[in-house]
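What follows is the residue order along each chain.
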Amino acid sequence: MRDFSHLDIIFALLWAARWTLLLSTIAFICGGIAGFILLLMRISPFRPLKYVSWGYLEIVQGTPLLIQFLLAFFGISILGIDISPWMSATLALTTFTSAYLGDIWRGAVESIPAGQWEASKALSMNYFQQLGLVILPQAVRRSIAPTVGFLAQVIKGTSLASAIGFVELARSATNITNVTFEPFFVYLVTAVVYFAICFPISVASQKLEKFLAY
Amino acid sequence: MTYRFQFQVIWDNWELLIEGVGLTLQLSALAIGLGLMVGIVGALFRTSNNQYLQGLMAVYIEAIRNTPFLVQLLFIFFGISSLGPRLGSTQAALLALTINFGAYATEIIRAGIQSIDQSQIEAGMSLGLNKRQIFRLVVLKPAIANIYPALTSQMVLLLLLSSVVSQISAKELTFMGNFLRSRTFRDFEVYFTLALIYVLLALGFKLLAQLFHHRLFTFTRHI
């Protein structure tokens with residue numbers, strides 16, 4: 001077996017980061033769709049839907065992401081389904097993302113003054129017109145910055161997928177450490193790679209917040 | 001395939017889980033206490049006129065906020081230990097949690113301090129308070145009252161984050177769950193129970209935080 005040079009380690013980690021990026025992209029898109037449905041349920045005038053959405057949010061936000069990963073991987077098998085780390089990681093991270101995005105968007109919708117609903121109602125719009133033509137366009141503007149900021153949370157969250165054997169950046173770092181016995185260097189580079197991905201997103205979120213403010 | 005739930009194994013091993021809850025709560029409480037101290041000092045540095053201190057705090061906050069906690073933990077436990085002092089898993093867990101919470105607390109407390117109007121400080125000076133009194137009574141206490149919701153939700157996040165330290169075998173709740181699972185193979189039952197315990201802990205903490213809010217900040221009611 002050949003030795004790893006520091007440059008080899010850096011390239012191996014950068015190459016492993018593609019799984020982190022892929023997983024977070026998929027989870028962000030699926031979580032966004034599910035989060036939007038949760039938002040519609042939460043702000044609907046129909047009470048039971050509201051409570052279901054609220055309960056889901058409290059449970060997901062009250063459990064650690066790590067437990068969600070473990071439940072999605074080890075727990076799902078009781079349904080008789082053989083689930084791969086890929087599927088369960090996507091499932092867990094989608095659940096996590098949908099709850100938080102749903103909550104962020106609910107905050108944006110609720111920050112729109114009630115007068116906007118009343119005014120659009122006075123124009124004899126139906127519920128979906130009020131929502132689609134008046135409320136959501138304004139809410140979208142307010143929710144862009146926190147949504148982008150949350151993307152960094154999702155990317156950081158993917159690191160916990162390593163606990164169920166999904167080989168992404170953090171897991172690769174552990175694997176490489178086991179071969180090279182250089183934990184200080186390997187984990188430092190890993191942290192730098194995560195930072196290089198997340199920091200621009202955080203900055204973009206802050207910039208957007210200023211740019212989109214009224 | 002039909003599956004028969006067997007929560008009996010959870011009942012039989014409840015002492016193990018209680019022990020785990022104990023360490024989870026201890027780690028969280030200590031990390032919150034120490035992290036708050038880091039946060040107060042950090043916020044002082046961040047709002048000071050010294051550019052080096054400001055820069056130092058900015059690097060600390062951004063480094064922690066933009067990397068996963070798991071990597072911070074592994075770096076401290078394996079990385080730092082490989083160079084010098086060997087840390088036990090519980091010590092490394094506490095250190096990592098404190099550093100992590102400290103960064104978020106710094107940023108939250110800074111926002112609180114900056115929400116205090118300059119005229120408040122001048123009013124404190126005209127009442128003949130000394131510098132320390134002004135910081136403690138006029139700046140810090142109302143600042144904490146302003147940011148109390150943000151601070152307590154960050155504490156809940158820390159409580160949940162503490163589950164990650166199971167990855168370096170600190171014997172808290174999630175570790176005990178993993179241990180139980182590997183011995184009994186009741187995967188779903190174990191993790192379902194863990195999820196339930198965490199939800200209850202988080203809810204309990206939120207209730208406690210609300211009770212404390214009334215106790216701690218009686219002065220806000222007069223405004």
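Everything numeric here is computed off the predicted structure, so don't read it as measured data.

**Considering the overall build of chain B**
Right, on to step 1. Summing up its helical and strand segments, chain B has nine helices and zero strands in all.
Right, on to step 2. Counting helices and strands in the order they occur from the N terminus, chain B gives α-α-α-α-α-α-α-α-α.
Right, on to step 3. In terms of its C-alpha atoms, chain B occupies a principal-axis envelope of roughly 75 × 45 × 30 Å.
Right, on to step 4. Counting all 223 residues of chain B, 38% fall into the buried class.

**A few points about the nonpolar core**
Right, on to step 1. By size, the foremost hydrophobic cluster in this structure holds 104 residues, and its most contacted members are F69 and L70 of chain A together with L73 and A93 of chain B.
Right, on to step 2. Here this core takes 13 residues from helix 5 (residues 89–114) of chain B, the largest share from any one element.
Right, on to step 3. If we skip the residues at most four places from it in the chain, A93 of chain B touches L27, V165, I168 and A170 of chain B.

**As for the packing of helix 2 (residues 14–46) of chain B against helix 3 (residues 51–65) of chain B**
Residues and elements named next belong to chain B.
Right, on to step 1. For the pair helix 2 and helix 3, interaxial distance at closest approach is 8 Å and the crossing angle is 130°. Viewed along their axes, helix 2 and helix 3 adopt a mutual orientation that is oblique. Contacts between helix 2 and helix 3 pair G42, F45 and R46 from the former with L53, Q54, L56 and M57 from the latter.
Right, on to step 2. Considered class by class, the residues forming the contact of helix 2 with helix 3 number four nonpolar, two polar and one charged.

**Let's talk about the interface of chain B and chain A**
Right, on to step 1. Contact with chain B, which involves 33 residues of that partner, is made by 31 residues of chain A.
Right, on to step 2. If you tally residues by element for the side of chain B that touches chain A, the top one is helix 9 (residues 187–216) of chain B, at ten residues.
Right, on to step 3. Grouping the constituent residues of the side of chain B that touches chain A by class yields 22 nonpolar, seven polar and four charged.

**A closer look at the confidence of the model for chain B**
Right, on to step 1. Residue-level pLDDT values for chain B average 90, and 96% of them are 70 or greater.
Right, on to step 2. Across the assembled chains, the prediction reports ipTM 0.91 with pTM 0.91.

**A look at the environment of S48 of chain B**
Right, on to step 1. As for its placement among the helices and strands, S48 of chain B is situated in the loop between helix 2 and helix 3.
Right, on to step 2. Setting aside its immediate chain neighbours within four residues, S48 of chain B contacts L53 and Q54 of chain B.

**Thoughts on unusual backbone geometry**
Residue and element names in this part refer to chain B.
Right, on to step 1. The phi angle at S169 is positive, at roughly 65°, despite the residue not being glycine.
Right, on to step 2. For S169, the location among the structural elements is in the loop between helix 7 (131–161) and helix 8 (173–184).
Right, on to step 3. Exposure remark for S169: the 15 C-beta atoms within 10 Å place this residue in the partly exposed category.
Right, on to step 4. Positive phi, normally seen in glycine, also occurs at F185, with a value near 60°.
Right, on to step 5. Tracing the backbone shows F185 in the loop between helix 8 and helix 9.

Conventions and cut-offs
Residues numbered from 1 in each chain as written. Chains lettered and ligands numbered in written order. Predicted model: local features only at pLDDT ≥ 70, side-chain atom pairs only at ≥ 80, totals over all residues. Helix = DSSP H or I, 4+ residues; strand = E, 2+ residues; numbered from the N terminus. Buried ≥ 20, exposed ≤ 12 C-beta atoms within 10 Å, placed from the backbone. Core = buried A, V, L, I, M, F, W, Y, C linked by C-beta atoms within 7 Å. Contact = placed C-beta atoms within 7 Å. Axes fitted to C-alpha atoms, helices over the stretch in contact; angles between N-to-C directions. Parallel < 35°, antiparallel > 145°, perpendicular 65-115°, else oblique. Nonpolar A, V, L, I, M, F, W, Y, C, P; charged D, E, K, R; others polar. pLDDT = per-residue confidence, 0-100.

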